[in-house]
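Below, each chain spelled out in residue letters.
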Amino acid sequence: CQIGIGQQLKSYRQIIPNSTVAFDMQAIPAGNLVLGSPSTEVGRNTDEGPQLKLSMEAFWMGKTEVTYDEYQLFFEEDRDPAPKPAKEGPDAISRPSPPYIDFTLGMGKVGGYPANSMQHFAALMYCKWLYAKTQIFYRLPTEAEWEYACRAGGKGAYSSLSANEKLEDYAWIASNSGDKYHLVAQKKPNAWGLHDMLGNVHEWVLDHYEPAYSANKKAHQAIFKDKYADAIVRGGSYRDEASMARSASRLAADPVWNRRDPQEPKSKWWNADAPFVGFRIMRPAKQPSPEEVRAFFDQYLKDY
C-alpha cells in the first residue's frame, strides 16, 4: 500500500504476518481542522484552546481501537516461560511484563474487545513491534490527527453527529455501557467510517500534555517532553458522561491509574487501575525510510 504523490488513499485490511489476525485501516482525506472547542461549547474545559486552524494531509486511521486479538500477538510472541532480559540495541523490541492481575476485570478479551490498561510506553512499543512485523510504519496519532479523524468533517461537539442523532448510537458511555467496555464496532461509525472514536475506551495519542495549544503547533508533530510528563488520552470511555466524550475533550494521564501496582518501581507497561484506557493506530500517507523510522522510535522511546 505504498502511495505516490497525488494518489488518493484507499482503505485496506492489514494481516499481521504469521497469524490469522487482521485489522482495518480507514483512509482519511486531506482537509482542514479547527483544533479545539469554542468558548461557547457546553462542557468545554479551558485546555481545549485556543482554537487553531490546521491544514491536514491525508492518512490512514485504525477503523477500531487496537483489540486484544492484535495486542496479544505482541505480548505473547516468543515469550519464554522464564523471561530473559530485554535485548539491547537500537532495533530491540522488548515485550510487556507478565500481567499481575486480570486487567480486563472480566469485561472481555479475545474476539474483538479493545486492549486496555497499557501504559503510553507499551502502546508505542506495540507500534515498533508492528513495524518490525509488517515493514509498514504505524504509530499513535497526534492530538490534531486524532481530532481531525474524530470530527470527520463535522463542526459540532460530537464528531459529525447531526442534531437529530443520539451520542449513544455511536458511543459506549456511562449512560449505556453498563459500566464495562464492549466489543469494537458495535456502534455506528462516524462519517469517515471510524468506530468508537467516542466512548468505549480512552485512546492514547502521541502528545504529552500542555494546558494550552501553541500557535506553532504542527498537525503531524507531537509535544513530547520526557517519561515523567503526562501523556494524553482522547475520546472518553465507557465510564464517562457525554461531556467527556466530546471531540475536543482532552485528559492527561494520572498516576492514580497505577496506584495498585505492587511492583517497585511500578510497571512502565501496565496501568493497574485504568481498564478504561486503550489506543488506536494511524499510518502516514508517505512511508518514512528505515532511518527515519529508527529516529522516530529513538526520539519517542529514549526517555522511557
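None of these values were measured; they are calculated from a predicted model.

### Observations regarding the packing of aromatic side chains
And then number 1: Applying the stated criterion across every chain yields a total of 26 aromatic pairs.
And then number 2: Seen from their ring centres, phenylalanine 121 and tryptophan 269 are 4.7 Å apart, and the 65° between their planes marks the pair as edge-to-face. With phenylalanine 121 in helix H2 (residues 120-134) and tryptophan 269 in the loop between strand E8 (250-252) and strand E9 (277-279), the pair connects residues that are 148 residues apart, well separated along the chain.
And then number 3: Judged by its relative accessible area of 4%, phenylalanine 121 falls in the buried class.
And then number 4: Ring centres of phenylalanine 296 and tyrosine 300 lie 4.6 Å apart, and the angle between their planes is 45°; this geometry places the pair in the tilted category. In this pair, phenylalanine 296 and tyrosine 300 are both assigned in helix H4 (residues 290-301), four residues apart and thus about one turn of the helix distant.
And then number 5: Note on phenylalanine 296: relative accessible area 12%, which makes it buried.
And then number 6: Aromatic ring contacts, followed pair by pair, group Tyr71, Phe74, Phe75, Tyr100, Phe103, Phe121, Tyr126, Trp129, Trp269, Trp270 and Phe279 into a single cluster.
And then number 7: When the ring centre of tryptophan 172 is taken as reference, the NZ or CZ atom of lysine 187 above it lies at 4.2 Å.
And then number 8: Residue placement shows arginine 283 over the ring face of tryptophan 60; its charged tip is 4.3 Å from the ring centre.

### Concerning the sheet that holds E8
And then number 1: Taken in spatial order, the four strands make up an open sheet running E8-E7-E6-E9, and their pairing is mixed. Only two strands of the sheet have a single partner each, and these edge strands are E8 and E9. Adjacent strand axes in the sheet meet at a mean angle of 50°, parallel and antiparallel pairs treated alike.
And then number 2: Alignment of strand E6 (residues 202-208) against E9, held across three bridges, turns out to be parallel. Considered in E9, the bridge of tryptophan 204 is made with phenylalanine 279.

Basis of the calculations
Residues numbered from 1 in each chain as written. Predicted model: local features only at pLDDT ≥ 70, side-chain atom pairs only at ≥ 80, totals over all residues. Heavy atoms only, no water. Phe/Tyr/Trp six-rings, centres within 6.5 Å; stacked < 30°, edge-to-face > 60°. Helix = DSSP H or I, 4+ residues; strand = E, 2+ residues; numbered from the N terminus. Buried < 20%, exposed > 50% of the residue type's maximum accessible area, 1.4 Å probe, protein only. Lys NZ or Arg CZ within 6 Å of the ring centre and 35° of its normal. Pairing = 2+ DSSP bridges. Axes fitted to C-alpha atoms, helices over the stretch in contact; angles between N-to-C directions.

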